[in-house]
There are 2 protein chains.
Amino acid sequence: MYTAMALERRLKGDPNVQVTLVSKENYLVFQPMLPEVISGSIGILDTIAPIRRLCPKTNLTTRTVENIDLKNRTVTVSSGFRPRPYHLEYDHLVIALGNVTSFACQSGLEEHALPFKYLGDALVLRNHIIHALEEADIEDDAQFRQALLTFVVAGGGFSGVEAVAEINDFVRSAARSFRKLQVSDIRVILLHAGPLILPELPESLARFAQERLQRRGIEVRLNTRLAGATADYALLSNGERIPAKTVVATVPSAANPMVAALPCKKERGRIVVTDTLEVPDYPGVWALGDCAAVPDVTTGQSCPPTAQHAIRQGRRCGENIVAALRGEPAKPFVFKALGKMGALGHHSAVAEILGVKLSGYLAWVVWRGIYLMKLPGFDRKIRVASDWILDLLLKPDIVQLKTGAATGVGREHFEADEVIFNQGNRGDRLYIIVDGEVEMVREEPGRGQVVLARLGAGECFGEMALVNDAPRMAQARSHTAVNVLTVDRAAFGALFANLPPLRGLFQQLIEQRQRAGTAAAAPAAGPVDPAP
Amino acid sequence: MYTAMALERRLKGDPNVQVTLVSKENYLVFQPMLPEVISGSIGILDTIAPIRRLCPKTNLTTRTVENIDLKNRTVTVSSGFRPRPYHLEYDHLVIALGNVTSFACQSGLEEHALPFKYLGDALVLRNHIIHALEEADIEDDAQFRQALLTFVVAGGGFSGVEAVAEINDFVRSAARSFRKLQVSDIRVILLHAGPLILPELPESLARFAQERLQRRGIEVRLNTRLAGATADYALLSNGERIPAKTVVATVPSAANPMVAALPCKKERGRIVVTDTLEVPDYPGVWALGDCAAVPDVTTGQSCPPTAQHAIRQGRRCGENIVAALRGEPAKPFVFKALGKMGALGHHSAVAEILGVKLSGYLAWVVWRGIYLMKLPGFDRKIRVASDWILDLLLKPDIVQLKTGAATGVGREHFEADEVIFNQGNRGDRLYIIVDGEVEMVREEPGRGQVVLARLGAGECFGEMALVNDAPRMAQARSHTAVNVLTVDRAAFGALFANLPPLRGLFQQLIEQRQRAGTAAAAPAAGPVDPAP
């Protein structure tokens, strides 16, 4: 967007140049203010800037990039209302695809940890937190209530710290509106892999931040990573399990698959560019931001992946493209970082600006002042300023805005020896095993637990309660760590009712299992040995 | 909620009485302001009131009611994070379940018309409208662009009129931020079954409103109902088809299935109650609002289903329950409607208050004043007032906030002789026929269109492009009106990859079809006769 803005400014409406911007969303998220969306102190739409308003002369294509063909100089984008691909041709191409969140290789995080990067994530997280408080308020089981009231955030960098600070402020203040919740029961835990949070900052500031968070009741667990998650707990690198229904992971980011697929030279997943932001060997192709390895003349290394660098790279790229169109020489990207800031919630922050260290209230005022100035668009500045004023006067919002229905088909992860569902539970979904082993166990009067079956990859379970609309006939327990696919009641019912071959398949399966179940339950057969 | 508030006020913290409120959401939507959420002139969360703040002494259970057992005096609610039902016992039960939206018996409305009743509906509608504008801006096909720019609203009562007025204001103002859209290309159409909109109002006011809407460019189609919809057009009662990608239906409302299942006496789907709001033959059971037929002493009929009646019934019910607890006599519900108001957008409204007729700007000022006063909660009043002030100064928001991903399994409706997908299209979903017939047609060089197969209920199509990740090999066309279930690419891929019996099923099917396709394409076989 900043490249398009620079192009508009320099081209001054030149009719021979068409600028097209492809973006998945029709807005830009102003990341520094995203944590405030969790607590609702900023309105949901106020932290994002509509691209059309900021680049009025640019053709905005609100679609997802699906393919970049550097040889034929075309970009393919996703289809809209009609299932037709859409191709764009270019003379100059700017690749600014950023990173993507990726939980690859960490078991259960994809399924059970909440990411925190996009606006949608902030909304989902906010609703999840309120949902957990709602459920805790009516939960009789003390252990389960504690898991509902435990919030784990992984990653002690800027985004993790800002997220945990906002979550902590929000849950402690929101809990007061719930009749049966004790603020003292709330646990907010920050996991950090190193010995001190905020490693990007000077030690004195990082220590200030860490103490400030601890004083507000956040448990900071140092030298500890998040190793995995299930629906019921966070699994730490030291093997400890923290029962928690809310696990937030801000750490993981991986190269965009579109970038990974490009034939050009890369350095640790980032596109190698010259100091003028050009991609060598591909004339007319430029790259910048988190997806590019831009040489930093001040350090001799690549630029760090920060917004202040990316924004200035974007502008420089626009200027260099105009220079190229006019046959003028390109200028190198030169920029020295101005500083670093992190909000700690509750009118406190830490900042290092042009070498000056600030902390506490003053840093918070500077934080708000600088970011309000940087927020693109005059109307957003007004809206955010008015939000901040109202937030001083009014209590935080505890409305749970449910976004969309369940997805029909989902994924879940279980570690070994966990209960997937209990005998007598309501049958709310079908499970299909992707990998791992699951045991079906039934409590038989006078005979204790009988293992009815052990199932593996490609087998499914839980269909009986759905087909017969009855409670679960047996307990399902993970024998090893298990990844499953789930199909919810509504989706299963629709498919089962309308696709006879599928119905046949499941009816056959159920008959088989009922025969096997009867055999296992018959006294003559004796209890099945649970060992293989 | 108003009953709970009245109970709290009268009981003054009596420790012997527990009040529990079961609500699907933890907030109350203030309906009159909902249309303004479409245009964004009110913040998304500002038109809703958090129940916990308004009833601090009530136990709020944020779950869905699943069963009411009047005999055993228990209410069963849905499960939360765990698949366990939750039972509540009562001494007094207040049934205030309202109506539900229902598109039953109108073909295609369930699948393709957008309802407008809940907060979620307003958000979905807002995003759909912005999505349509985004797509229109990059669409080359003039006919398809026109369908994207056509907005049909069905129902000329208060909610339809307020919705169409807000949609019209919003799209015309938002379109100016899009580079290639002409405001003159936009069509906003209101369908109304009677000869004049707003039949609840005196004729002079209704005529004023109708002319005002028309002057703003809304086409008002009188004596016309919405008979159905597909993904591509609105089907009118006179058989006309209006190509439109946005069809909003505000009309349909049906008895809540929970209410329908109750054994007590009903009158046109509503629970019969005495003038003290008690359900005859069921002591301790009360009913009110849209789901109850409350005698109206001023007209001799049942009370109309309006908020002003429901709110006062709620309060009276709370007072009568306290009277019953104290052995005092119950008082009858007596209320004469104060008047009616409808906003027409753009600083205009119509109102009839205590017999006085108002229209235009003055009515709009009265509208805003009265509803701001009635909006529950002081902080909401402040927020909405500040939204309204900002709205006078700033341009409307055009940010498209995508809520949740696609649902995996969905439903679609096609009328006879429609193209479901074209040869060469991208394979984005599997179709399962619920009812109706579909023809698969392939264009053969030199032989024209060859019908490969005719499929009926329980059969599926479109699997080949998904399994082989290739473009559609043939066109799918509805032979009769068809209802289908769709499974999207991601859900199909996950199920297909992990459930071997399903994979076997589809591979078998594809082999059969490929054999049949080759046979149909062989010159010796000749073209298949498309007639039965």
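The structure under discussion appears in the preceding block.
A short tour of the structure in this document, coming up. (Residues numbered from 1 in each chain as written. Chains lettered and ligands numbered in written order. Predicted model: local features only at pLDDT ≥ 70, side-chain atom pairs only at ≥ 80, totals over all residues. Heavy atoms only, no water.)

### Here's the deal with the overall build of chain A
So, step 1. In terms of regular secondary structure, chain A is built from 15 helices and 33 strands.
So, step 2. Taking the principal axes of the C-alpha coordinates as reference, chain A spans close to 90 × 55 × 40 Å.
So, step 3. Among the 532 residues that make up chain A, the fraction classed as buried is 53%.
So, step 4. Sequence separation of 24 or more characterises 66% of the internal contacts of chain A that already satisfy a separation of 6 or more.
So, step 5. Surface summary for chain A: the accessible area is close to 22,700 Å², and the carbon and sulfur share equals 54%.
So, step 6. With 59 positive and 57 negative side-chain charges, chain A shows a spacing of 6 Å between the two charge centroids. (Helix = DSSP H or I, 4+ residues; strand = E, 2+ residues; numbered from the N terminus. Buried < 20%, exposed > 50% of the residue type's maximum accessible area, 1.4 Å probe, protein only. Contact = heavy atoms within 4.5 Å. Areas by Shrake-Rupley, 256 points an atom, 1.4 Å probe, with all protein chains shown as cover. Lys, Arg positive; Asp, Glu negative; His and termini not counted. Charge placed at Lys NZ, Arg CZ, Asp CG, Glu CD.)

### Points about the interface of chain B and chain A
So, step 1. Of the residues lining the interface, 87 residues belong to chain B; the matching set on chain A comes to 86 residues.
So, step 2. Summed over both sides, the interface between chain B and chain A buries roughly 8,000 Å², with carbon and sulfur atoms accounting for 58% of that surface.
So, step 3. Three residues stand out in chain B for area buried against chain A, namely Arg52, Arg53 and Phe81 of chain B, and they jointly supply 10% of the buried area on that side.
So, step 4. The interface formed by chain B and chain A includes eight salt bridges.
So, step 5. The partner of Glu66 of chain A in a salt bridge is Arg426 of chain B, with the nearest N and O atoms 3.4 Å apart.
So, step 6. Summed over the shared surface of chain B and chain A, the number is 22 residue pairs in polar contact (both at pLDDT 80 or more). (Buried area = accessible area lost by both parts, 1.4 Å probe. Salt bridge = Lys/Arg side-chain N within 4 Å of Asp/Glu carboxyl O. Polar contact = N/O pair within 3.5 Å; in protein donor to acceptor, adjacent residues only side chain to side chain.)

### Topic: the relation of the copies chain B and chain A
Copy one and copy two of the chain differ by a rotation about a common axis and a shift along it.
So, step 1. With an RMSD of 0.1 Å, chain B superimposes on chain A once it is rotated by 180° and translated 0.0 Å along the axis. Taken together, the turn and the small shift mark the pair as related by a two-fold rotation axis.
So, step 2. Interface residue correspondence from chain B to chain A reaches 99%, placing this contact among same-surface, isologous pairings. (Least-squares fit on C-alpha atoms with pLDDT ≥ 70 in both.)

### Side note on the environment of His128 of chain A
So, step 1. By the element assignment, His128 of chain A lies in helix α5 (residues 119–137).
So, step 2. Sequence-wise, His128 of chain A and Thr246 of chain A are 118 residues apart; in three dimensions their C-alpha atoms are separated by 7.6 Å.
So, step 3. Ignoring any residue separated from it by four or fewer positions in sequence, one finds His128 of chain A in contact with Leu114, Lys245 and Thr246 of chain A together with Phe81 of chain B.

### Some details on the environment of Gly424 of chain B
All names here are of chain B.
So, step 1. Along the polypeptide, Gly424 turns up in the loop between β27 (419–421) and β28 (429–435).
So, step 2. Gly424 sits 238 residues away from Ile186 along the chain, and the two C-alpha atoms are 31 Å apart.
So, step 3. Residues within four places of Gly424 in sequence aside, it is in contact with Pro471 and Arg472.

### Details of the sheet that holds strand β20 (residues 270–272) of chain B
So, step 1. A sheet is described by the order of its strands in space; here three strands give the open sequence β19-β20-β22 (chain B), paired in mixed fashion. Strand pairing shows two members of the sheet lacking a second neighbour, β19 (266–267) and β22 (292–293) of chain B, which therefore form its edges. (Pairing = 2+ DSSP bridges.)

### Here's the deal with the environment of Val248 of chain A
So, step 1. With respect to the element layout, Val248 of chain A can be found in strand β17 (residues 246–249).
So, step 2. It is 30 Å that separates the C-alpha atoms of Val248 of chain A and Tyr2 of chain A, two residues lying 246 residues apart in sequence.

### Some thoughts on the pairing of strand β33 (residues 482–488) of chain B
Residues and elements named next belong to chain B.
So, step 1. Within β33, five of the seven residues are buried, which leaves it mostly tucked inside the rest of the structure.
So, step 2. Pairing of strand β26 (residues 409–414) with β33 involves six bridges; the strand directions are antiparallel. Across the sheet, residue Phe414 finds its bridge partner in β33, namely Val482.
So, step 3. Across six bridges, the pairing between β28 and β33 is antiparallel. Across the sheet, Arg429 pairs through a bridge with Asp488, a residue of β33.

### Observations concerning unusual backbone geometry
So, step 1. A positive phi angle, close to 50°, is found at Arg268 of chain A, a residue other than glycine.
So, step 2. If you trace the backbone, Arg268 of chain A turns up in the loop between β19 (266–267) and β20 (270–272).

### Examining the side chain of Thr224 of chain B
Residue and element names in this part refer to chain B.
So, step 1. Along the chain, Thr224 falls in the loop between β13 (218–221) and β14 (226–229).
So, step 2. The class for Thr224 is buried, based on a relative accessible area of 7%.
So, step 3. One polar contact links the side chain of Thr224 to the main-chain carbonyl oxygen of Leu222, over a distance of 2.7 Å.

### Regarding the sheet that holds strand β16 (residues 241–243) of chain A
Residue and element names in this part refer to chain A.
So, step 1. Pairing is antiparallel in the open sheet, where three strands are placed in the order β14-β15-β16. Unpaired on one side and paired on the other, β14 (226–229) and β16 mark the two borders of the sheet. Direction aside, neighbouring strands of the sheet carry axes that sit 25° apart on average.
So, step 2. Strand direction decides the pairing type here: strand β15 (residues 233–236) and β16, joined by three bridges, are antiparallel. (Axes fitted to C-alpha atoms, helices over the stretch in contact; angles between N-to-C directions.)

### Things to note about the packing of helix α1 (residues 2–11) of chain A against helix α10 (residues 307–325) of chain A
Residues and elements named next belong to chain A.
So, step 1. Packing of α1 against α10 brings their axes to within 7 Å, and their N-to-C directions diverge by 40°. Here α1 lies oblique to α10, going by the angle between them. With respect to the hand of their crossing, α1 and α10 are arranged in right-handed fashion. Taking contact as the criterion, the partners of Tyr2, Thr3, Ala6, Leu7, Arg9, Arg10 and Leu11 in α1 are, on α10, Ile311, Gly314, Arg315, Cys317, Gly318, Glu319, Ile321, Val322 and Leu325. (Parallel < 35°, antiparallel > 145°, perpendicular 65-115°, else oblique. Left-handed = near helix turned anticlockwise from the far one by under 90°.)

### What to know about the packing of aromatic side chains
So, step 1. Applying the stated rule across the entire model yields 18 aromatic pairs over all chains.
So, step 2. A centroid spacing of 5.9 Å and a plane angle of 80° characterise the contact between Phe30 of chain A and Tyr371 of chain A, whose relative ring orientation is edge-to-face. Placement of the pair is Phe30 of chain A in the loop between β2 (27–29) and α2 (34–39) and Tyr371 of chain A in helix α11 (residues 361–374), with a sequence separation of 341 residues.
So, step 3. Taking relative accessible area as the criterion, Phe30 of chain A reaches 8% and is therefore assigned buried.
So, step 4. An angle of 80° between the planes, with centres 5.2 Å apart, marks the rings of Phe492 of chain A and Phe506 of chain A as edge-to-face. Of the two residues, Phe492 of chain A is situated in helix α14 (residues 489–498) and Phe506 of chain A in helix α15 (residues 500–521); the sequence distance between them amounts to 14 residues.
So, step 5. One aromatic cluster in this structure is built from Phe30, Trp367 and Tyr371 of chain A.
So, step 6. Sitting above the plane of the Tyr118 of chain B ring, Lys24 of chain B keeps its charged end 5.0 Å from the centroid. (Phe/Tyr/Trp six-rings, centres within 6.5 Å; stacked < 30°, edge-to-face > 60°. Lys NZ or Arg CZ within 6 Å of the ring centre and 35° of its normal.)

### Overview of the pattern of salt bridges
All names here are of chain A.
So, step 1. Applying the stated criterion across every chain yields a total of 38 salt bridges over all chains.
So, step 2. One salt bridge in this structure joins Arg10 and Glu319, with 3.5 Å as the shortest N-O distance. Of this pair, Arg10 sits in helix α1 while Glu319 sits in helix α10, and the two are 309 residues apart along the sequence.
So, step 3. Note on Arg10: relative accessible area 40%, which makes it partly exposed.
So, step 4. Connected via shared salt-bridge partners are Glu412, Asp428, Arg429 and Arg472.

### Looking at a nonpolar patch on the surface
Residues and elements named next belong to chain A.
So, step 1. There is a patch of nonpolar side chains on the surface, built from Ile389, Leu392 and Leu393 and spanning about 340 Å² of accessible area.
So, step 2. Within the secondary structure, Leu392 sits in helix α12 (residues 378–393).
So, step 3. Assessed through its relative accessible area of 57%, Leu392 is described here as exposed. (Patch = residues over 30% accessible without salt bridge, like charges linked within 9 Å, V, L, I, M, F, W, Y side chains within 5 Å.)

### Quick notes on the state of the cysteines
So, step 1. Summed over all chains, the structure comprises zero disulfides over all chains.
So, step 2. Unpaired in this structure, Cys303 of chain A has its nearest cysteine sulfur neighbour in Cys291 of chain A, at a distance of 13 Å.
So, step 3. Unpaired in terms of disulfides, Cys317 of chain B finds its nearest cysteine sulfur in Cys291 of chain B, a separation of 11 Å.
So, step 4. Accessibility expressed as a relative area gives 0% for Cys317 of chain B, which makes it buried. (Disulfide = S-S within 2.5 Å.)

### Some thoughts on the packing of α12 of chain A against helix α12 (residues 378–393) of chain B
So, step 1. Between α12 of chain A and α12 of chain B, the least distance of the axes is 11 Å, while the angle of their chain directions is 160°. By the criterion of interaxial angle, the relationship of α12 of chain A to α12 of chain B is roughly antiparallel. Regarding α12 of chain A and α12 of chain B, the two cross each other, and that crossing is right-handed. Mapping the contact onto sequence places Ile382, Arg383, Ser386 and Leu390 of chain A in α12 of chain A and Ile382, Arg383, Ser386 and Leu390 of chain B in α12 of chain B.
So, step 2. Taken together, the residues that form the contact of α12 of chain A with α12 of chain B break down as four nonpolar, two polar and two charged. (Nonpolar A, V, L, I, M, F, W, Y, C, P; charged D, E, K, R; others polar.)

### Considering the pairing of strand β7 (residues 86–89) of chain B
All names here are of chain B.
So, step 1. On β7, burial follows the alternation: Tyr86 and Leu88 on one face are buried, whereas His87 and Glu89 on the facing-out side are not.
So, step 2. Here strand β6 (residues 74–77) runs beside β7; their pairing, made up of four bridges, is antiparallel. Of the residues in β7, the one forming a bridge with Thr74 is Glu89.

### Topic: helix α8 (residues 203–215) of chain A
All names here are of chain A.
So, step 1. The end-to-end C-alpha distance of α8, which contains 13 residues, comes to 18 Å, matching closely the 18 Å that a straight helix rising 1.5 Å per residue would cover.
So, step 2. The set of residues buried in α8 consists of Leu205, Ala206, Ala209, Gln210, Arg212 and Leu213. The arc that holds every buried residue of α8, seen down its axis, measures 165°, which confines them to one face. Exposed residues lying more than 90 degrees from the buried face of α8 are Glu203 and Arg215.
So, step 3. The secondary structure elements touched by the buried residues of α8 are α7 (158–174), β12 (187–191), β13 (218–221), β23 (339–345), β24 (348–353) and β25 (356–360). (Expected span 1.5 Å × (residues − 1). Arc of directions from axis to C-beta.)

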